[in-house]
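Summary of structural features
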Amino acid sequence: MAAEDLAGRRLRPVTRVVPAGIALLAITACGGPETPSILDPRGPAAQRVAGLWWFLFWVSVVVFVVVMVLLGMALARRNREEEEASTDEPRWAEPGIVVAGVVIPVVLLAVAFLVSLRDMNALARLGEETTMTVEVIGHDWWWEARYPNGAVTANELHVPVGERVRVDVTTADVIHSFWVPQLQVKIDMIPGRVNSVWIEADAPGRFRGLCGEFCGLQHTNMQFFVIAEPAADFEAWVENEAAPAATPAPGSTEEEGLDVFLSTTCFGCHAIRGTEAEAVLGPDLTHLADRETLFALTVPNTRENLTRAVVDPQAIKPGAVMPPTELTERELVALVAYMESLE
Ligand code: CUA
């Protein structure tokens with residue numbers, strides 16, 4: 001039987017093949033490095049989520065195929081019966097209808113529900129055995145991370161490989177949602193409340209995290225990295241992040257840059273530990289030069305982008321809270337040199 005559109009015109013095969021091809025491309029595009037796909041799990045929690053996904057997927061495939069076969073058989077039979085002008089009423093009480101319409105769906109839904117409960121329970125139980133707790137605070141539109149040793153950073157969460165790290169999440173403004181698809185399920189960040197989740201990566205790697213709750217204009221550009229590294233590397237990193245910023249050499253361009261920082265609007269929003277800058281409205285910049293990106297993965301952390309970030313942040317991230325800063329050419333060069341020295 002040929003497919004027809006709503007006006008009854010016969011559809012050419014291409015009309016059916018093209019959407020199917022697009023759907024297939026969309027599915028297969030979910031792979032490769034740093035692609036935040038739940039179907040590419042890299043930790044025990046995500047493994048469980050992917051297992052549940054595939055279970056539900058294959059149950060759906062079997063149900064779909066069986067229903068389509070039965071539909072085809074019914075249509076074929078109806079075509080034959082129409083010729084005999086049958087006027088029979090539908091027979092609702094037939095055992096076949098009761099079994100296929102009530103018993104089988106109830107059994108399938110109950111099994112899916114029980115398997116989901118089992119996985120949710122396992123995810124919650126494993127979270128009781130964590131080795132470290134990191135606080136993550138959502139902001140419009142970036143992520144603040146606080147470590148137990150006093151390290152404060154933004155948009156990059158380092159964790160030791162193979163260790164279960166507890167993440168306590170909350171928000172400084174609206175509702176956000178902390179989500180690293182390759183490592184864990186989503187967890188909402190609710191004002192005035194702390195929610196917890198745990199993450200663990202099986203191997204070293206960099207995993208993209210996303211905000212999973214629409215939170216305004218730059219929701220899409222509210223991303224972060226989870227960087228899983230060997231324990232020794234992690235220890236070195238977290239120790240450095242906790243240390244105060246290096247003091248620039250007297251008379252250097254960097255020192256001039258620090259003075260610019262402390263005498264302009266930068267000072268009103270950002271902290272650089274070890275200096276007088278202690279504001280907490282914007283990201284902590286103590287070790288800014290160690291980060292790979294600016295504005296929560298919106299642009300790479302390069303000299304050019306640092307300069308743009310100071311002069312015209314709205315061009316990089318329209319709607320962001322950060323205002324532009326007016327500086328002379330000399331001040332700008334000094335300020336950027338200072339920020340590049342914050343390792
Ligand atoms: Cu934060 Cu969406």
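Above this note sits the structure.
The following paragraphs examine the structure supplied in this document. (Residues numbered from 1 in each chain as written. Predicted model: local features only at pLDDT ≥ 70, side-chain atom pairs only at ≥ 80, totals over all residues. Heavy atoms only, no water.)

**Observations concerning the packing of aromatic side chains**
Each aromatic ring pair is specified by the distance between its two centres and by the angle formed by the two planes. Test applied: In this scheme Phe, Tyr and Trp rings, the latter by its six-membered ring, pair at centre separations within 6.5 Å, and the angle between planes marks the pair as stacked below 30 degrees, edge-to-face above 60, and tilted otherwise. Counting from the N terminus, the helices are DSSP H or I runs at least four residues long and the strands are E runs at least two residues long. We call a residue buried when its accessible area falls under 20% of the maximum for its residue type, exposed when it is over 50%, and partly exposed in between, using a 1.4 Å probe and counting protein chains only. Our definition puts a charge over a ring when NZ of Lys or CZ of Arg is within 6 Å of the ring centre and also within 35 degrees of the ring normal.
Enumeration according to the criterion identifies 11 aromatic pairs in this entry. With centroids separated by 5.3 Å and ring planes inclined at 10 degrees, the aromatic side chains of tryptophan 53 and phenylalanine 57 adopt a geometry described as stacked. Placement of the pair is tryptophan 53 and phenylalanine 57 together in helix α2 (residues 44-83), with a separation of four residues, close to one helical turn. A residue is classified by how much of its surface remains accessible, and phenylalanine 57, at 32% relative accessible area, is partly exposed. With a centroid separation of 5.0 Å and an interplanar angle of 70 degrees, the aromatic rings of phenylalanine 57 and tryptophan 58 are classed as edge-to-face. Ring pairing ties together the aromatic residues Trp53, Trp54, Phe57 and Trp58, which thus form one cluster. Sitting over the face of the ring of tryptophan 198, arginine 164 holds its NZ or CZ atom 4.6 Å from the ring centroid. Over the ring of tryptophan 179 we find lysine 186; its NZ or CZ atom is 4.8 Å from the centre of that ring.

**Focus on the sheet that holds strand β7 (residues 187-189)**
Let me state the cut-off plainly: Strands are labelled as partners when DSSP assigns at least two bridges between them. Fitted lines through C-alpha atoms serve as axes, helices being fitted only where they are in contact, and the angles separating the N-to-C directions of these axes extend from 0 to 180 degrees. Contacts between residues were defined by any pair of non-hydrogen atoms, one from each residue, lying within 4.5 Å.
If you walk across this open sheet you meet the five strands as β4-β10-β9-β6-β7, and the pairing is mixed. Sheet topology places β4 (156-160) and β7 at the edges, where each strand pairs with a single neighbour. Adjacent strand axes in the sheet meet at a mean angle of 25 degrees, parallel and antiparallel pairs treated alike. Bridge analysis of strand β6 (residues 176-179) against β7 gives three bridges, and the strand direction is antiparallel. What sits directly across from serine 177, in β7, is aspartate 188. Strands β4 and β10 (223-229) of the sheet are contacted by helix α4 (residues 231-242), whose axis makes an angle of about 135 degrees with β4.

**A few points about the sheet that holds strand β5 (residues 165-171)**
A sheet is described by the order of its strands in space; here five strands give the open sequence β3-β2-β1-β5-β8, paired in mixed fashion. If you trace the sheet from one side to the other, it starts and ends with β3 (152-154) and β8 (195-199), each paired once. This sheet shows a mean twist of 25 degrees between the axes of neighbouring strands, independent of strand direction. Here β5 pairs with β8 via five bridges, running antiparallel. Looking across to β8, one finds that aspartate 168 is bridged to serine 196.

**A word on the pattern of salt bridges**
Heads up, the condition is: Salt bridges are defined as contacts in which a side-chain nitrogen from Lys or Arg sits within 4 Å of a carboxyl oxygen from Asp or Glu.
Inspection of the entire model under this criterion finds 11 salt bridges. Note that aspartate 168 and arginine 166 form a salt bridge whose closest N and O atoms lie 2.9 Å from each other. Residue classification places arginine 166 among the partly exposed residues on the basis of a relative accessible area of 32%. The partner of arginine 330 in a salt bridge is glutamate 256, with the nearest N and O atoms 2.7 Å apart. Taken together, the residues span a long stretch of sequence, with arginine 330 in helix α9 (residues 329-340) and glutamate 256 in helix α5 (residues 253-263) at a distance of 74 residues. Residue class for arginine 330 comes out exposed when judged on its relative accessible area of 60%.

**Points about unusual backbone geometry**
Cis geometry marks the peptide bond from aspartate 140 to tryptophan 141; its omega dihedral reads -5 degrees. When you line up the elements, tryptophan 141 lands in the loop between β1 (132-139) and β2 (142-146). Even without a glycine there, the phi angle at phenylalanine 295 is positive, about 55 degrees. With a relative accessible area of 17%, phenylalanine 295 lands in the buried category. You will see that leucine 297, though not glycine, has its phi angle at about 70 degrees, which is positive. Along the polypeptide, leucine 297 turns up in the loop between β11 (293-294) and β12 (299-300). Judged by its relative accessible area of 14%, leucine 297 falls in the buried class.

**Some words on the side chain of arginine 164**
Heads up, the rule is: Any pair of N or O atoms that falls within 3.5 Å is considered a polar contact. Within protein, one atom must be able to donate a hydrogen and the other to accept it, and sequence-neighbouring residues count only if both atoms are side-chain atoms.
Note on placement: arginine 164 falls in the loop between β4 and β5. In this structure the side chain of arginine 164 is engaged in a polar contact, spanning 3.4 Å, whose partner is the side chain of glutamate 129.

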